[in-house]
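Results of the structural survey
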Amino acid sequence: MAKHYDKQFKLDAIEYYLNHKDLGLQGCASNLGISQQTLSRWKKELQSTGNIECRGSGNFSSDEEKEIAKLKRELRDTKDALDVLKKAISILGK
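Reference entry: report on the structure contained in this document.

Conventions we followed
Residues numbered from 1 in each chain as written. Predicted model: local features only at pLDDT ≥ 70, side-chain atom pairs only at ≥ 80, totals over all residues. Heavy atoms only, no water. Axes fitted to C-alpha atoms, helices over the stretch in contact; angles between N-to-C directions. Helix = DSSP H or I, 4+ residues; strand = E, 2+ residues; numbered from the N terminus. Parallel < 35°, antiparallel > 145°, perpendicular 65-115°, else oblique. Left-handed = near helix turned anticlockwise from the far one by under 90°. Contact = heavy atoms within 4.5 Å. Nonpolar A, V, L, I, M, F, W, Y, C, P; charged D, E, K, R; others polar. Salt bridge = Lys/Arg side-chain N within 4 Å of Asp/Glu carboxyl O. Buried < 20%, exposed > 50% of the residue type's maximum accessible area, 1.4 Å probe, protein only.

So, about the packing of helix 1 (residues 7-19) against helix 2 (residues 24-32). A packed helix pair is summarised by two numbers, namely the angle formed by the two axes and the spacing between the axes. Close contact between helix 1 and helix 2 brings their axes to 10 Å; oriented N to C, the two are set at 135°. Put simply, helix 1 runs oblique to helix 2. The interaxial crossing formed by helix 1 with helix 2 has right-handed handedness. Each of Phe-9, Ala-13, Tyr-16 and Tyr-17 in helix 1 lies in contact with helix 2, whose residues at this interface are Gly-24, Leu-25, Cys-28, Asn-31 and Leu-32. Taken together, the residues of the contact of helix 1 with helix 2 break down into seven nonpolar, two polar and no charged.

Here it is, written out as structure tokens:
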């Protein structure tokens, strides 16, 4: 499973690379515990868009979208718990 880094880590990693160019992309990535390709991708994304998108870091266009996403997660978790309880009842009822 891929690791997910928060936006601040990504920005700090790029800043680290810019301050330690003598180490090179590979050296900086190695010191940070990430791959060279990952650091390169983050750097290119920041240069091209001026921002780094980050999964799960609150990239919602409004508070309503954030609330909807939270409620959907809660509903999914509740449905999962209900399914487990139904299975337990059917097993214990035999």
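Turning next to the pattern of salt bridges. One pass over the structure, following the stated rule, counts two salt bridges. Here Glu-74 makes a salt bridge to Lys-70, at a shortest N to O gap of 3.5 Å. With Glu-74 and Lys-70 both in helix 4 (residues 63-92) and four residues apart, this pair spans about one turn of that helix. Taking relative accessible area as the criterion, Glu-74 reaches 39% and is therefore assigned partly exposed. Notably, a salt bridge pairs Asp-77 with Arg-76, separated by 3.5 Å at the nearest N-O pair.

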